[in-house]
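Single-letter residue listing:
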Amino acid sequence: MAGSCARTEILLGQQGLARLAESHVVIAGLGGVGGACAESLCRAGVGSLTLIDFDVVEKTDLNRQIIALHSTLGLKKVDALAARLHDINPNTVIIKRDEFIDRAKAEAIAISNEFDFVADCIDAIAYKTVLIDSCNKSGKAIISSMGAGGRLDPTQVKISRMDKTQNCALAREMRKQLRNIRASMRFPVVHSTELPIKALPHQEVTATDTAPAGRPRAVNGAISYMPNIFGLMMAGHIVQTILKS
């Protein structure tokens, strides 16, 4: 029994470890939620992880994102996280995709036979909607993260179906988008039932070389632990689902 997975094997047995080792999960979005989700999946023994993000590590990430260190400022998030995960488990297969997930890429993820599960941790509502809808239509297992910003109470974080969420503006907007295209809402999401603390006024989201400009959006406050709790809960759901499959 390898020392790095001995404690996990006590829980899962050799068969469970083998099932995770043969699995491939894609993590779309590597911020506070996605980074924590990816690291937990790596430590659990998931064999292959595809990491997708187009952003770089910035000073504003230092208060909550596991990849955000002074030594990683300015690095691509896919590179920073891949290096961290390889340091945790060199045997994990890491596929880096330094790209923005647009409609075509979202649809391609959903129909790919390469992936067993999708962790949706992206912010762009339009493409988040496409990714979710495409996965639901293709039968691809997916769990989506709703808004972690503006919350302080970890006891109010839950996993439920999209149509059962409460007090989450992002989930409310997502339901609206999904209804407009008559999409299913029978999929799991991580969300908080806590009433959010008021955000700063809306700010314009500028375009980059790899991503289009977005609509003006409010800037939510964020505490160190909340996005990570969301990511850990997503990872727990993914691991348990894979083991039952």
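Higher on the page you've got the structure.
Residues numbered from 1 in each chain as written. Predicted model: local features only at pLDDT ≥ 70, side-chain atom pairs only at ≥ 80, totals over all residues. Heavy atoms only, no water.

Chemist: How should I be thinking about the layout of surface pockets in this particular structure?
Modeler: A volume near 320 Å³ is recorded for the second largest pocket. Forming the walls of the second largest pocket are 17 residues, and the residues nearest its centre are Ser4, Cys5, Cys42, Gly45 and Asn89. Top contributing element to the lining of the second largest pocket by residue count: helix H1 (residues 6-21), with four residues. Among the residues forming the lining of the second largest pocket, the class breakdown is eight nonpolar, seven polar and two charged. (1 Å grid on protein atoms, 1.4 Å probe; cavity = no way out; pocket = protein on both sides within 12 Å on 5 of 7 lines; lining within 4 Å. Points joined across faces, edges and corners; volume = space filled by probe spheres on them. Helix = DSSP H or I, 4+ residues; strand = E, 2+ residues; numbered from the N terminus. Nonpolar A, V, L, I, M, F, W, Y, C, P; charged D, E, K, R; others polar.)

Chemist: I would appreciate a short explanation of a nonpolar patch on the surface in the present structure.
Modeler: Residues Leu152, Ile197 and Tyr225 make up a contiguous nonpolar surface patch of about 260 Å² in total accessible area. Note on placement: Leu152 falls in the loop between strand S5 (141-145) and strand S6 (157-161). Assessed through its relative accessible area of 41%, Leu152 is described here as partly exposed. (Patch = residues over 30% accessible without salt bridge, like charges linked within 9 Å, V, L, I, M, F, W, Y side chains within 5 Å. Areas by Shrake-Rupley, 256 points an atom, 1.4 Å probe, with all protein chains shown as cover. Salt bridge = Lys/Arg side-chain N within 4 Å of Asp/Glu carboxyl O. Buried < 20%, exposed > 50% of the residue type's maximum accessible area, 1.4 Å probe, protein only.)

Chemist: How should the nonpolar core be read in this particular structure?
Modeler: Soluble globular proteins: nonpolar side chains tend toward being buried together. In this structure, Val25, Ile27, Leu41, Leu49, Leu51 and Ile238 are the most contacted members of the largest nonpolar core, which totals 38 residues. Every element with two or more residues in this core is listed here: strand S1 (24-28), helix H2 (32-44), strand S2 (48-52), helix H3 (77-88), strand S4 (117-120) and helix H7 (226-244). Of all the elements, H7 adds the most residues to this core, at eight residues. If near-sequence neighbours (up to four positions away) are discounted, Val25 is found in contact with Leu41, Val46, Ser48, Leu49, Thr50, Phe117, Ile238 and Ile242. Leu131, Cys135, Ala171 and Ala183 belong to the second-largest nonpolar core, a separate cluster that totals 26 residues. (Core = buried A, V, L, I, M, F, W, Y, C linked by side-chain atoms within 4.5 Å. Contact = heavy atoms within 4.5 Å.)

Chemist: Teacher, can you tell me more about the pairing of S4 here?
Modeler: The two faces of a sheet get side chains in turn, since along a regular strand they alternate between them. Alternating positions in S4 separate into two faces, Phe117 and Ala119 on one and Val118 and Asp120 on the other, with burial throughout. One ladder, built from four bridges, connects S1 with S4; its direction is parallel. In the sheet register, Val26 faces S4, and the bridge partner there is Val118. For S4 and S5, the ladder comprises four bridges, and the chain directions are parallel. The partner of Ala119 across the bridge, within S5, is Ile143. Taken together, S4, helix H5 (residues 125-138) and S5 form a β-α-β motif whose crossover is right-handed. (Pairing = 2+ DSSP bridges. Right-handed = clockwise from strand over helix to strand, strands pointing away.)

Chemist: What exactly am I supposed to notice about the side chain of Ser112 here?
Modeler: Tracing the chain through its elements places Ser112 in the loop between helix H4 (103-111) and S4. Among the polar contacts listed, one links the side chain of Ser112 to the backbone nitrogen of Glu114, at a separation of 3.1 Å. (Polar contact = N/O pair within 3.5 Å; in protein donor to acceptor, adjacent residues only side chain to side chain.)

Chemist: What is the right way to read the packing of H1 against H7 from this model?
Modeler: For any two helices packed against each other, one specifies the crossing angle of their axes together with the interaxial distance. One can describe the packing of H1 onto H7 by two numbers: an axis separation of 9 Å at closest approach and a directional angle of 105°. Classified by the angle between their axes, H1 and H7 sit roughly perpendicular to one another. Residues Leu12, Gly16, Arg19 and Leu20 of H1 pack against Val239, Ile242 and Leu243 of H7. Looking at side-chain class alone, the contact of H1 with H7 contains five nonpolar, one polar and one charged residues. (Axes fitted to C-alpha atoms, helices over the stretch in contact; angles between N-to-C directions. Parallel < 35°, antiparallel > 145°, perpendicular 65-115°, else oblique.)

Chemist: Looking at this structure, I do not really get the packing of H5 against helix H6 (residues 169-180). What am I missing?
Modeler: In contact at an axis separation of 10 Å, H5 and H6 are set at 60° when each is read in the N-to-C sense. As judged from the angle between their axes, H5 and H6 are oblique. The chirality of how H5 crosses H6 is right-handed. Contacts between H5 and H6 involve Ile125, Lys128, Thr129 and Ile132 from the former and Leu170, Glu173, Met174, Gln177 and Leu178 from the latter. Taken together, the residues that form the contact of H5 with H6 break down as five nonpolar, two polar and two charged. (Left-handed = near helix turned anticlockwise from the far one by under 90°.)

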